[in-house]
Amino acid sequence: MENTYYVTTPIYYVNASPHLGHAYTTIVADVLARYHRLSGHRTFFLTGTDEHGDKIAEAADKSGVTPKAYADRISSQFRELWPKLSVTNDFFIRTTDARHIETVQTILRKVYDAGDIYFGHYEGFYCVGCERFYTEKELVDGKCPDHQTEPEFRKESNYFFRMSRYQEWLIAHIKEHPDFIRPERYRNEVLAFLREPLEDLCISRPKARLSWGITLPFDENYVTYVWFDALINYISGIDYPDGENFRTFWPVAEHLIAKDILKPHGIYWPTMLKAAGIEPYSHLNVHGYWNVDSSKMSKSIGNVVRPLDLKDKYGLDAFRYYLLREMVFGLDSSFSEESFVLRVNAELANDLGNLVSRVTSMAMKFCQGAVPAVTEVTGADRILADTAFRVLAEVKTSFRELTFHKALMSIWDYIGTANRYIVEQEPWNLAKDQSKKAKLDEVIYSLLETLRVIAVLISPFMPGSAEKILLQLGIAHPDRENFGTIRTWGALAPGLRLQRGEALFPRIDYRSETAAVEQKIPAPPPPIKPEVSYEDFEKIDLRVARILEAEIVPKSAKLLKLKIDIGEERTVVAGIAKDYAPEQLVGKSIVIVANLKPAKLMGIESRGMLLATDTTDEGITVLSFDREPRTGAKVR
Ligand SMILES: Nc1ncnc2c1ncn2[C@@H]1O[C@H](COP(=O)(O)OP(=O)(O)OP(=O)(O)O)[C@@H](O)[C@H]1O
Ligand SMILES: [Zn+2]
């Protein structure tokens, strides 16, 4: 059978504009959809907006427009946002679509005819924010636990869905399908909830009080409760009951949600499906919250970060990368712009960006700007091929387990391996010796092929950057590369002309931005140390050093390894990675203490210490010269 994949996001409630939380769920769905398409699976990705209910009627009223006009406005904000974040949904559903309304009525009729909907009297505490009744037991100090507001007491006759009838079935289904709700903590949460007897679900609202909703097909004085309407989008969006999409995709449905809407998705929805005679979805995948200062980012609170602000400031791929790398799917994360910048600088500008620019510029220089031909990749060069296969398998597992941060860690492990391989192989030395030409070609080819593999691996997360890398490799149709084409090592065609490209991820100078805002008062300089004699000073040998190479020390946030020339070649390690990108240093003349006792830093022997000082904004600047000094000269 053909492999198929169906992923949905919640349909977002149109009572306010989209924020980073909505962007996260939708980008995760996009990453999954892209991954499955690149794996050759037939894929459908659905998102949309939820437009009925009290809260929208209220918000519209406040803005002085009709609910439909209000919903149109906010819905288009969501619809227009997604392409700007490179989100590739196949359809955008609105619960005000005629097709959707028809489907909701079909399902209501079916469940009603089966005897699972009855008319009854109800009284209780109703929270408008939650749009549901609360039992007294659920309230905290008489208030809604989510909204901290006092609910209204309401007495109403309404229609009820006999949810209780399906409680035992649901418990059994969850127990038989351990992955039905995941990660496990949320499965346990639903099971815990099901330990208490389920109450029937009130699924109507009298039109006398609220008319903004879908009319019940069996009583036109009532509209449908917003959850009973909204959840059905997952099947109306793929043309239930007769559409080919429904037949193809419903059997593999995967829902993505945050934990706030676990109960409707984990309990209402499967029992609704069961009552309507429809198979349950395959998986409910639940993630945690993005918090700001430890409270949930939410429209109602207003503590929101706008996705487009971040995209405009730092670039789309950096934003997508950060969201997927920072959050462990299932757990909460807190958002901070500082952690964002740290990741972009260390992992994107340094690790990935440098690898791409080093490899392509070496290929330009040593291989006349074309992919070299190699007969067979052997020996040490197998490491890159072998790592590719291992990482491919790890990424596959991570996608299956929704551990996106681990997928990225595996890919970054590969990037680290490639960066170390360059240092070990020293292509610049191979290039000096004609007899080593074959070896040089092998090294450069392996690195270019590694870039092709990395580009495909990152493409679900960072589609724009992946394409740029593939174009730099001279690949004319980047869209033809996929998880199938990287399974064969050596598929990169010799002779392709490399294309020069701009830096993928420019470093962000965050400190100077915040410094401008904070206006910190600098600490006074420390007191001068006690006198020393000239003879004592003379013992210190200061020299002009020219930096030949610079690279990040793996797993260290601060250290750079420098190869320097002081008349002889030496390696020194300096704690300046936060202030200098390696490429800013190469070719620069600096001052080092040449006779300081060697020290080992992160396993690397440093022979000499570079001199540096503070700038006014707290960063570091290395000592340099205003005229070109002689390399190795004594500093007096
Ligand atoms: N802070 C958040 N962290 C992660 N995802 C979020 C966050 N806020 C919203 N979402 C996403 O949006 C869905 C809820 O959509 P909704 O339109 O109710 O947003 P909301 O901001 O939580 O609204 P409200 O504050 O009015 O309850 C969640 O299930 C999740 O997919
Ligand atoms: Zn509430």
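Treat the numbers as computed from the prediction; the structure is a model and nothing was measured.

Novice: Looking at this structure, how should I read the side chain of serine 333?
Specialist: Mapped onto the secondary structure, serine 333 falls in strand β16 (residues 333-334). Owing to a relative accessible area of 8%, serine 333 belongs among the buried residues under this scheme. What serine 333 contacts, discounting residues up to four positions off in sequence, is Tyr289, Trp290, Asn291, Glu326, Met327 and Val328.

Novice: So what exactly am I meant to see when it comes to the pairing of strand β2 (residues 42-50) here?
Specialist: The element β2 is extensively covered by neighbouring structure, given that eight of its nine residues are classed as buried. Taken together, the eight bridges between strand β1 (residues 4-13) and β2 define a ladder with parallel strand orientation. Within β2, the residue paired with threonine 4 across the bridge is arginine 42. A crossover connection joins β1 to the parallel β2 through helix α1 (residues 20-38); in handedness this β-α-β unit is right-handed. Across four bridges, the pairing between β2 and strand β3 (residues 91-94) is parallel. Bridging across to β3, leucine 46 finds its partner in phenylalanine 91.

Novice: For this particular structure, what's the right way to read the packing of aromatic side chains?
Specialist: Each aromatic ring pair is characterised by the separation of its centres together with the angle its planes make. Applying the stated rule across the entire model yields 35 aromatic pairs. Note on tyrosine 322 and phenylalanine 335: the rings are 5.8 Å apart at their centroids and 90° apart in plane angle, and the pair reads as edge-to-face. Taken together, the residues tyrosine 322 in helix α12 (residues 316-326) and phenylalanine 335 in the loop between β16 and α13 (337-366) connect sequence positions 13 residues apart. Relative accessible area serves as the criterion here: at 0%, tyrosine 322 is assigned to the buried category. One aromatic cluster is present, built from ring pairs that chain together Tyr24, Trp290, Tyr314, Tyr322, Phe335 and Phe340. Geometry around tyrosine 126 places arginine 209 over its ring, the cationic atom sitting 5.7 Å from the centre.

Novice: In this structure, what is going on with the coordination of the zinc ion (ligand 2)? I would like to understand it.
Specialist: For a metal bound by four donors in a tetrahedral arrangement, the ideal donor-metal-donor angle is 109.5 degrees, while six donors in an octahedral arrangement ideally sit at 90 or 180 degrees. Those donors, Cys127 (SG), Cys130 (SG), Cys144 (SG) and His147 (ND1), are the protein atoms that reach the zinc ion (ligand 2), and they lie 2.2 to 2.3 Å from it. Bound by four donor atoms, the zinc ion (ligand 2) shows angles of 97 to 115° at the metal and therefore tetrahedral coordination geometry. Considered as a linear motif, the donors of the zinc ion (ligand 2) on their single chain read C-x2-C-x13-C-x2-H. Residue class for histidine 147 comes out partly exposed when judged on its relative accessible area of 30%.

Novice: Any chance you could explain the environment of serine 39 here in plain terms?
Specialist: Looking at where serine 39 falls in the secondary structure, it is placed in the loop between α1 and β2. Assessed through its relative accessible area of 26%, serine 39 is described here as partly exposed. Between the C-alpha atoms of serine 39 and glycine 484, which are 445 residues apart in sequence, the distance is 6.7 Å.

Novice: Sorry, what's going on with unusual backbone geometry here?
Specialist: Most of the time, phi is negative for any residue but glycine, and the peptide bond is trans. A cis amide bond links arginine 182 with the next residue in sequence, proline 183, at an omega value of -5°. Along the chain, proline 183 turns up in the loop between β7 (181-182) and α6 (184-193). A cis amide bond links tyrosine 240 to the next residue, proline 241, at an omega of 0°. Relative to the elements of secondary structure, proline 241 occurs in the loop between α8 (233-236) and α9 (244-249).

Criteria and cut-off values
- Per-chain numbering applies: the sequence of each chain, read as written, is numbered from 1 onward.
- Chains and ligands are labelled by the order in which they are written, letters from A for the one and numbers from 1 for the other.
- Reporting of local features is limited, given that this is a predicted model, to residues whose pLDDT is at least 70; pairs of side-chain atoms are given and counted only at 80 or more, and all residues count toward the totals for whole chains, interfaces and linings.
- For side-chain calculations, the full set of non-hydrogen atoms in the structure is used, while hydrogens and water are omitted.
- Put simply, DSSP H or I for four residues or longer makes a helix, DSSP E for two residues or longer makes a strand, and each gets a number counted from the N terminus.
- Per-residue accessibility, obtained with a 1.4 Å probe over protein chains only, is compared with the maximum for each type, and a residue is labelled buried under 20%, exposed over 50%, and partly exposed between these values.
- Should any heavy atoms of two residues lie within 4.5 Å, those residues are considered in contact.
- Only when DSSP finds a minimum of two bridges between them are two strands counted as paired.
- Orient the strands so they point away from the viewer; a crossover is then right-handed if the path from the first strand over the helix to the second runs clockwise.
- Any pair of Phe, Tyr and Trp rings, taking the six-membered ring for Trp, is counted once the centres come within 6.5 Å. Such a pair is stacked with planes under 30 degrees apart, edge-to-face with planes over 60 apart, and tilted for the rest.
- For a lysine, the NZ atom is tested; for an arginine, the CZ atom; a charge sits over a ring if that atom is within 6 Å of the ring centre and within 35 degrees of the ring normal.
- Donor atoms are limited to N, O and S found within 2.8 Å of the metal ion, a distance that becomes 3.2 Å for Na, K and Ca. With water left out, some sites might look partial.
- In this scheme the shape depends on donor count and angles: four donors with every angle between 85 and 135 degrees give tetrahedral, four or six donors with opposite pairs above 155 degrees and others between 65 and 115 give square planar or octahedral in turn, and any other case is irregular.

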